[in-house]
Amino acid sequence: EFAIQLFGTQTAEANIVPTDEATSENPPDVIASQNTPEVTEISLIDQQATRDAIDNATLNANQTATREFALTQTASIPTETPTSIPTETPTNTATFTPTPSYTPKPTRTFTPTVTSTLTPTPTPTFTPSPTATFTPDETSIAATITQTYLDSLPTNTPTITPTATPDSWSIREATITVRGWTPPRLISNLIFVPMDCFTAGDVEQCLPAPLEADSGLITNAQYAQCVNGGACLRPVASDLYDPTGARADEPVVGVTWFMAQTYCELRGGRLLTEREWLFIAQNNPDFGASAREWLGTIAGGFEFAPYNADDGRENVAGIVQGAVISMAIRGGTDGDDRFSLRGTLNTNQNERDLGFRCVQGE
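The sections below set out a description of the structure shown in this document. Counting from 1, residues in each chain are numbered in the order their sequence is written. Local features in a predicted model are, by the rule used here, given only for residues with pLDDT of at least 70; side-chain atom pairs are given and counted only at 80 or more, and totals for whole chains, interfaces and linings are based on all residues. Remark: hydrogens and water are excluded; side-chain values derive from all non-hydrogen atoms of the structure.

### Side note on the overall build of the chain
For clarity, the cut-off: Numbering of helices and strands runs from the N terminus, with a helix taken as a DSSP run of H or I at least four residues long and a strand as a DSSP run of E at least two residues long. Only protein chains enter the accessibility calculation, which uses a 1.4 Å probe. A residue is then buried if its area is under 20% of the maximum for its type, exposed if over 50%, and partly exposed in between. It only takes one pair of heavy atoms within 4.5 Å for two residues to be counted as in contact. Using the Shrake-Rupley algorithm and a 1.4 Å probe, accessible areas are obtained, with residue cover drawn only from the displayed protein chains.
Counting secondary structure elements, the chain contains nine helices and 12 strands. Residues classed as buried in the chain amount to 33% of the 362 residues present. For the chain, the share of sequence-separated contacts (at least 6 apart) that also reach a separation of at least 24 residues comes to 66%. Put simply, the chain shows about 23,400 Å² of open surface, and 55% of that area lies on carbon and sulfur atoms.

Here it is, written out as structure tokens:
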């Protein structure tokens, strides 16, 4: 307001205009001295300073009013008090993870197919007539040899010292080498049996080929070479088994049919058949007189006469280790009794006067 009043006063003073008379006739200084009251001249600079003061005053008044209005509006707005929101603290909880269970796969069930069974027609059974047999002088002792044991035996190819083939009955000393035996070389006397025909079991028999067989029974010393090599079992009659002492050259006894057959096979041979034994005995008076011996002929289910070599009695290759089969036994006596007396014994048994010999090379 003060500034406005001041501005109005200055403006009124500035609007005083001198009369024409003074302007035209008198010089300015004369006119100024004659006018009453005295007029004060305001310069342009002062006028500009006044206007700036008015503008600043107006601006300050507006800013002050604006601030007061803003404060009034701000005071009327309610202030929102922040509310504390509780923070949830996570709690560790155990999580259960299911373990997949094993579901077994269904198994395939085999359903057997019913097949018709052919009922064989019974055939008449041939019952052989009883023949004279030797009575054992003691209780038979069973000895078992398994197929597993035989499979573990060393493989060998026995060799025999070659000699000229004789034309008739003769005896020669042969050296037989068996790998795995201790010692590996075996000395044996072999009797040469020529191919010929003869009568046995009321039937004429003919040997298909000549052969060589041990002239005597296998001795304790000879059998020990197989035992020492781990290929043969010790005889059951241990008190009669003396391979290095006084009984070294005596026949080995107390062996089963399987033990005897195993020894001959490892040596590259086999047991004598009953008809071969009879043929040799007919041509050699002392043959088979020292002890009885195992033969490679089945006695069970077969009558001695008529003797048919093709009826299966000489098919011993199919006998399984451990099978109980009655086998033919010959010897142990002299003269004509050698041909009339015939013994039998099961394959898994042994006796104290029962030995064996081998056919070599078959």
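From this point, things continue past the structure.
### A short note on the nonpolar core
Quick note on the threshold: Here, nonpolar core means buried Ala, Val, Leu, Ile, Met, Phe, Trp, Tyr and Cys residues that are tied together by side-chain atoms lying within 4.5 Å of each other.
In terms of nonpolar packing, the biggest core is built from 32 residues, with W181, Y223, W257, Y263, W294 and F356 touching the most fellow members. Counting only elements with at least two residues in this core, the list comes to α6 (220–228), α7 (257–266), β8 (292–298) and β9 (326–331). Per element, the largest residue contribution to this core is seven residues, and it comes from α7. If sequence neighbours within four positions are ignored, Y263 has contacts with W181, L186, I218, Q222, Y223, C226, C232, F356 and C358. L207, F279, I280 and Y307 belong to the second-largest nonpolar core, a separate cluster that totals 19 residues.

### Observations concerning the sheet that holds β8
Worth spelling out the cut-off: Note: two strands are recorded as paired if DSSP finds a minimum of 2 bridges between them. For every element, the axis is a line fit to its C-alpha atoms; helices are fit only across the contacting stretch, and the angle between N-to-C directions ranges from 0 to 180 degrees.
Here we have four strands laid out as an open sheet, ordered β10-β9-β8-β11, and mixed in their pairing. The open sheet terminates on both sides in strands that have one partner only, identified here as β10 (343–346) and β11 (354–355). Direction of pairing for β9 relative to β10: antiparallel, over a ladder of four bridges. Bridged to S326 within β10 is N346. The strands touched by helix α8 (residues 274–283) within the sheet are β8 and β9, with β9 carrying the most contacts at an inclination of about 5°.

### Description of the environment of P306
Inspection of the secondary structure puts P306 in the loop between β8 and β9. Judged by relative accessible area, P306 falls into the exposed class, the value being 56%. As a C-alpha pair, P306 and V203 span 103 residues in sequence and 6.2 Å in three-dimensional space. In this structure, P306 is in contact with G201, V203 and R313, ignoring residues within four places of it in sequence.

### Thoughts on the packing of aromatic side chains
Under the convention used in this document: Working definition: rings of Phe, Tyr and Trp (its six-membered ring) pair if their centres are within 6.5 Å, and the pair is stacked with planes under 30 degrees apart, edge-to-face with planes over 60 apart, and tilted otherwise. Lysine NZ or arginine CZ positioned within 6 Å of the ring centre and within 35 degrees of the ring normal marks a charge as sitting over the ring.
Under the defined criterion, the tally for this structure stands at nine aromatic pairs. Aromatic side chains F304 and Y307 sit 6.1 Å apart centroid to centroid with 65° between the ring planes, which places their arrangement in the edge-to-face category. No difference in accessibility class separates F304 from Y307, as the two residues are buried. Aromatic ring contacts, followed pair by pair, group W181, Y223, Y263 and F356 into a single cluster. When the ring centre of Y307 is taken as reference, the NZ or CZ atom of R313 above it lies at 4.6 Å. Sitting over the face of the ring of F304, R330 holds its NZ or CZ atom 4.8 Å from the ring centroid.

### Overview of the pairing of strand β4 (residues 197–200)
By the alternation rule, side chains of β4 split into F198 and A200, which are all buried, and C197 and T199, of which none is buried. Inspection of the sheet shows β4 paired to strand β5 (residues 203–206) by four bridges, in the antiparallel sense. When the sheet's bridge partners are listed, F198 is paired in β5 with Q205. Connecting β4 to the antiparallel partner β5 that follows it, the hairpin turn spans two residues, and G201 within it adopts a positive phi of roughly 65°.

### Section: the pattern of salt bridges
Side chains that differ in charge, positive against negative, can pair when their charged atoms come close. Heads up, the condition is: The salt bridge definition used is simple: a Lys or Arg side-chain nitrogen within 4 Å of an Asp or Glu carboxyl oxygen.
Summed over all chains, the structure comprises 12 salt bridges. For R352, the salt bridge identified is with D239, shortest N-O distance 2.7 Å. Taken together, the residues R352 in the loop between β10 and β11 and D239 in the loop between α6 and α7 connect sequence positions 113 residues apart. Look at R352 and you get partly exposed, because its relative accessible area is 28%. For D239, a relative accessible area of 49% puts it in the partly exposed group. Note that E314 and R275 form a salt bridge whose closest N and O atoms lie 3.1 Å from each other. Of this pair, E314 sits in the loop between β8 and β9 while R275 sits in helix α8; the two residues are 39 residues apart in sequence, bridging distant segments of the chain. Summarising the burial analysis for this pair, E314 and R275 share the class buried. Salt bridges sharing common partners tie together E274, R330 and R342.

Keep in mind these values describe shape, not function.
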